[in-house]
Amino acid sequence: MGKLSIGLDFGTLSVRALVVDCVSGEEVAEATYAYPHKVITDNLPVGFALQHPDDYLMGAKHVLIEATNNVVKSDIIGIGIDFTACTMLPVDEMGLPLMKRPEFEGNPHAMVKLWKHHGAHFEAQEITRIAREDKEDFLTYYGGTISSEWMLPKIWETLRQAPAIYHDAHKFMDAGDWLVHNLTGQWTRSACFAGYKGLWNKESGLPSKNFLRKLDPKLENANEKVIEKIMAPGELAGQLNIDWALETGIPVGTAVSVATIDAHSGVPGMGVYQDGSACMIMGTSTCHMFLSKELKKFEGAAGVAWNGIVEGLYGYESGQAAVGDLFAYQASFSKDTLDELTQAAAKLLPGQSGLIALDWHNGSRSPIMDTRLSSVIVGQTLETKPYEVYRAMVEATAFGTRSIFETYEDNGIAVREVYACGGLTRLPFIMQIYADILGVPVHVAESGQAVALGAAIFGALAAGKFVTLEEAVNCMTKKCQMTYLPEVANREVYKDLYGQYKQLQNYFGRSNKQFMHDLKQIQNKQLHIAGEKHE
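Below or above, wherever it landed, is the structure these notes cover. (Residues numbered from 1 in each chain as written. Predicted model: local features only at pLDDT ≥ 70, side-chain atom pairs only at ≥ 80, totals over all residues. Heavy atoms only, no water.)

### Considerations on helix α3 (residues 151–161)
- Taking burial as the measure, the eleven residues of α3 include nine buried ones, the bulk of the element.
- Three or more residues of α3 are buried, namely M151, L152, P153, K154, I155, W156, E157, T158 and L159. (Buried < 20%, exposed > 50% of the residue type's maximum accessible area, 1.4 Å probe, protein only. Helix = DSSP H or I, 4+ residues; strand = E, 2+ residues; numbered from the N terminus.)

Here's what the structure looks like:
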């Protein structure tokens, strides 16, 4: 039996292929392809974020060919796929995107709606409101709030604004499932996509037809427009078909795993597969993943799904909507580079700047789950320096993570170990602040491509190379070589600062959240007026 597995990691702007030796864990080769169309927002309503599906197909072929150019292709046994979510597109009976039809050419609702497409804000609010009124149980799996980024709001948005596209759509698919279908010809739906972004749960399935009818009588058949066959990441979705084999040179019949969400793929890629572990996937935003044998439903958990991250456990998801991009944003206001800001900020003691901030530059994803919240920084004076503001923002994101961890622990989800991966983990200044504020050791994944590695692990599992995920993880990942330990003196100061953060969080996020909602409403009104004048 061969020994190589490939992880296809589809991000917001590019796709990466990582070839991994299943026996040694060596990362043999990799290749990256940037999407030519990038994120499509021009000449579209505010909140729209679209992509072109051809970018995914061209990208997959490019990186599969380049990454396997110097390997023995007969050694390739499996392919795993991770993808941003909910990144969604409508397709016909053959799986072809509806945007390919002449009558729908140029219609944004026939294109791919990227994960950060927020055009369905009204629909998400209505789903949340009616589900709360009816005490729908599915809402409890999502902390009581539905996001405009998820599948059902986007489907309903399509029905309301482009009914012909809704009518002609055979299926609305997560892009990761669509890639699996392209590679194999099989119609499968990942429990990860369905559970976290599709309002599905193992206990009761999808929202009922009665609920859908209450949203909109024309929406009652929406469950028929999603794939019914739900499988766990790592299960065999199908085999690589002849068309892709001829295009790439990879053997026909190569096992293809059920897809998974990109951040969730990082959990096994970090070497994590047991309950009691908390994982941080740290990039432009941060996703927090927790594994548990128990089902708990509480406010602050953005989603919980059986088999959602690893088979046989409940996987929990929370997150922060702005982290790495928040740091870059701060640097854009300074004459100093990000490296220079980091060097200056690292010399400060905790609390030395007199600043405390909220990490809501892109709303609060967890634990409050309100996209209309915005950031606050307190303590600025005429003496405040840019690097002090930058450090306050780094600390704010770490305080936000601590708040999320405490929410889980308060609801009976133990956090015994903390692991981290992503680009930010390569910055010691940031990781030491996180360890100090969390008050626990933070283990950094050895692989710089933990997300793609996780996808490769699922590909190897689908191929039958390993019997269990534990076996696959132990063979294909390396032990963490870097652990950040909390510094006692810093930890004590941060306890006091965290108390200040919690006061701000509760004031602006709970007891006085209308303050920020009103600001957002005024802003939107004036932006609309300004746009009309510009036209």
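There is more to say, and it comes next.
### Here we look at the state of the cysteines
- The tally for this structure, following the rule as stated, stands at zero disulfides.
- There is no disulfide at C192, and the cysteine sulfur nearest it, in C287, is 10 Å away.
- Look at C192 and you get buried, because its relative accessible area is 0%.
- Residue C279 stays outside any disulfide, its sulfur separated by 7.7 Å from that of C421, the closest cysteine.
- A relative accessible area of 1% means that C279 is categorised as buried. (Disulfide = S-S within 2.5 Å.)

### Description of the environment of S292
- The residue S292 is located in strand β15 (residues 286–292) in this model.
- Along the backbone, S292 and A414 are 122 residues apart, and their C-alpha atoms lie at a distance of 8.1 Å.
- The residues contacting S292, other than those within four sequence positions of it, are D275, L313, Y314, Y316 and I413.
- Polar side-chain contacts of S292 include one of 3.0 Å to the backbone nitrogen of E294. (Contact = heavy atoms within 4.5 Å. Polar contact = N/O pair within 3.5 Å; in protein donor to acceptor, adjacent residues only side chain to side chain.)

### Side note on the nonpolar core
- L215, L219, M280, F290, Y316, F405 and I430 are the most contacted members of the largest nonpolar core, which has 90 residues in total.
- The biggest single contributor to this core is helix α12 (residues 386–410), with nine residues.
- With residues up to four places along the chain from it excluded, the contact list for L215 reads E126, I127, I130, L152 and W156.
- Counting residues in hydrophobic clusters, the runner-up holds 80 residues, among them Y35, L57, L89 and M289. (Core = buried A, V, L, I, M, F, W, Y, C linked by side-chain atoms within 4.5 Å.)

### Things to note about the pattern of salt bridges
- Throughout the structure, instances matching the rule amount to 19 salt bridges.
- Note that R129 and E133 form a salt bridge whose closest N and O atoms lie 2.9 Å from each other. Of this pair, R129 and E133 both sit in helix α2 (residues 121–133), four residues apart, which is roughly one turn of that helix.
- In this structure R129 comes out as partly exposed when scored by relative accessible area, which is 37%.
- Given a relative accessible area of 51%, E133 falls into the exposed group.
- The salt bridge partner of E395 is R391, with a shortest N-O separation of 2.9 Å. Of this pair, E395 and R391 both sit in helix α12, four residues apart, which is roughly one turn of that helix.
- Judged by its relative accessible area of 7%, R391 falls in the buried class.
- Here the salt bridges share partners, and the residues they tie into one network are R101, E103 and D168. (Salt bridge = Lys/Arg side-chain N within 4 Å of Asp/Glu carboxyl O.)

In short, geometric facts, not functional conclusions.
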